[in-house]
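Structural characterization, general
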Amino acid sequence: TCAKYLRGYDAEIGITLVEANPQYVTCPGSNWVLGGLRGMADITHSYDRLKARGIDVVAARVQGIDADQRRVTLDNGDTLAYDRLVVGPGIEFKWDSIEGYDEKAAEVLPHAYKAGPQTELLRKQLEAMRDGGVVVISIPGDPFRCPPGPYERASLIAHYLKTRKPKSKLLLLDAKDKFSKQGLFQAAWEERYPGMIEWVPGTQGGKVERVVADTRTLYTQEGMESHTGDVVNVICPHHAGALAHTAGLTDGSGWCPVDQASFESTLHPNIHVIGDACIAGAMPKSGHSANNQAKMCEIGRASCRERV
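Residues numbered from 1 in each chain as written. Predicted model: local features only at pLDDT ≥ 70, side-chain atom pairs only at ≥ 80, totals over all residues. Heavy atoms only, no water.

The geometry of a pair of packed helices is captured by two quantities: the angle between their axes and the separation between those axes. Where helix α4 (residues 117–128) contacts helix α5 (residues 149–164), the axes come no closer than 11 Å and their chain directions differ by 35 degrees. In the crossing of α4 with α5, the sense of the turn from one axis to the other is right-handed. Residues L122, R123, L126 and E127 of α4 form the contact with α5, whose participating residues are R153, I157 and Y160. Partitioned by chemical class, the residues of the contact of α4 with α5 number four nonpolar, no polar and three charged. (Axes fitted to C-alpha atoms, helices over the stretch in contact; angles between N-to-C directions. Helix = DSSP H or I, 4+ residues; strand = E, 2+ residues; numbered from the N terminus. Left-handed = near helix turned anticlockwise from the far one by under 90°. Contact = heavy atoms within 4.5 Å. Nonpolar A, V, L, I, M, F, W, Y, C, P; charged D, E, K, R; others polar.)

Bringing the packing of helix α2 (residues 27–34) against α5 into the picture now. Two numbers describe how α2 lies on α5: the axes approach to 8 Å, and their chain directions differ by 20 degrees. In terms of their interaxial angle, α2 and α5 are classed as roughly parallel. Seen from above, α2 lies across α5 with right-handed handedness. Across from S30, N31, W32 and L34 in α2, the residues of α5 making contact are G149, E152, R153, L156, I157 and Y160. (Parallel < 35°, antiparallel > 145°, perpendicular 65-115°, else oblique.)

A few words now on the pattern of salt bridges. By the definition in use, this model includes six salt bridges. Its salt-bridge partner being R84, residue E264 comes within 3.7 Å of it at the nearest N-O pair. Of the two residues, E264 is situated in the loop between β18 (256–257) and β19 (271–273) and R84 in the loop between β7 (79–81) and β8 (85–87); the sequence distance between them amounts to 180 residues. Look at R84 and you get partly exposed, because its relative accessible area is 22%. Across the pair K114 and E92 runs a salt bridge whose closest N-O atoms are separated by 3.5 Å. Remark: E92 occurs in strand β9 (residues 91–93) and K114 occurs in the loop between β9 and α4; sequence separation between them is 22 residues. (Salt bridge = Lys/Arg side-chain N within 4 Å of Asp/Glu carboxyl O. Buried < 20%, exposed > 50% of the residue type's maximum accessible area, 1.4 Å probe, protein only.)

It is worth spelling out α5 at this point. Residue pairs three or four apart in sequence face the same way in an α-helix, which turns once every 3.6 residues. For α5, with 16 residues, the first-to-last C-alpha span of 22 Å sits near the 22 Å given by 1.5 Å per residue. Those residues of α5 that fall on the buried side of the exposure criterion are G149, P150, Y151, R153, A154, S155, L156, I157, A158, Y160 and L161. (Expected span 1.5 Å × (residues − 1).)

Strand order across the open sheet formed by three strands is β5-β6-β7, with antiparallel pairing between neighbours. Strands with a single pairing partner mark the edges of an open sheet, and in this sheet they are β5 (62–66) and β7. Between one strand and the next, the sheet's axes are offset by a mean angle of 20 degrees, whatever the strand orientation. For strand β6 (residues 71–74) and β7, the ladder comprises three bridges, and the chain directions are antiparallel. Each residue of the ladder has a partner; that of T73, found in β7, is T79. (Pairing = 2+ DSSP bridges.)

Read across the open sheet, the four strands follow the order β12-β11-β10-β16; overall the sheet is parallel. What marks the edges here is a single partner per strand, and that holds for β12 (197–200) and β16 (231–234). Here the average twist between neighbouring strands, direction ignored, is 15 degrees. Taken together, the six bridges between strand β10 (residues 134–139) and strand β11 (residues 169–174) define a ladder with parallel strand orientation. Paired with I139 across the strands is D174, a residue of β11.

Let us look at unusual backbone geometry. Here the bond from D142 into P143 is cis, since omega is -5 degrees, no more than 30 degrees from zero. By the secondary structure assignment, P143 is in the loop between β10 and α5. For A112, which is not a glycine, the phi torsion comes out positive at approximately 50 degrees. Mapped onto the fold, A112 is located in the loop between β9 and α4. The backbone of N270 shows a phi angle near 70 degrees, a positive value even though the residue is not glycine. Within the secondary structure, N270 sits in the loop between β18 and β19.

Following this line, the structure appears as structure tokens:
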């Protein structure tokens with residue numbers, strides 16, 4: 001979105017998009033897949049339209065950023081000079097935040113909070129589950145990517161269970177005592193999926209402290225009560241993506257402080273951080289916010305011919 005709007009501001013400005021993945025798999029749309037309403041092909045998109053706008057798309061991963069020299073180093077050995085740099089580091093999971101949950105455990109208890117193979121894994125587990133099974137979703141405390149996301153997921157999984165496996169149940173173990181759009185979600189659950197969804201808030205034993213992947217068992221902080229599911233979706237806490245940390249763009253919170261008028265980093269000039277990784281005041285870490293941040297990024301108003 002940022003590249004597209006920059007091109008609209010200035011037809012001559014040099015714009016390069018560095019992206020490690022050959023295609024974009026939309027995270028918000030992943031819940032449609034879990035609910036059985038869409039397939040993976042429906043939420044997978046190419047970058048061809050950006051190329052058609054005269055934007056250079058480089059298939060590589062950024063290895064490092066030299067803020068002083070204004071250079072980006074790629075994993076293919078190339079370097080790119082810039083006048084302004086926009087980064088969208090996204091998120092990384094804090095694997096050490098829940099005992100027993102790491103990248104290996106995620107192959108049994110998928111997080112599915114980065115769309116792609118994990119989405120497919122969780123979808124296959126739901127399809128293979130017996131009618132009458134239990135789906136458990138572990139939800140982290142704030143801040144995290146897409147505050148309504150886990151509850152949208154619960155709603156769409158409940159839709160799938162109601163239409164395909166109506167004897168099944170859905171248990172939500174939440175580290176928080178309240179959540180985004182709570183009244184609307186709970187009213188809809190009561191109307192559409194009565195008796196199917198149980199939500200356990202943090203102070204009543206909802207915060208997951210430990211998992212045992214082999215047995216699909218989760219233990220909470222209140223007396224270490226255990227919960228076992230046929231399918232277990234663990235959305236563990238996260239912070240800004242790895243690039244943000246290696247580039248020195250994060251503070252003690254694990255996220256990236258920015259000037260909220262321009263989204264320019266307050267730690268490194270000429271670098272703008274947009275999307276989930278930045279600290280954007282009251283703006284939630286959502287796709288809608290990221291899209292608007294991309295449009296409003298002040299570099300789009302620059303009158304000089306710059307490399308971005």
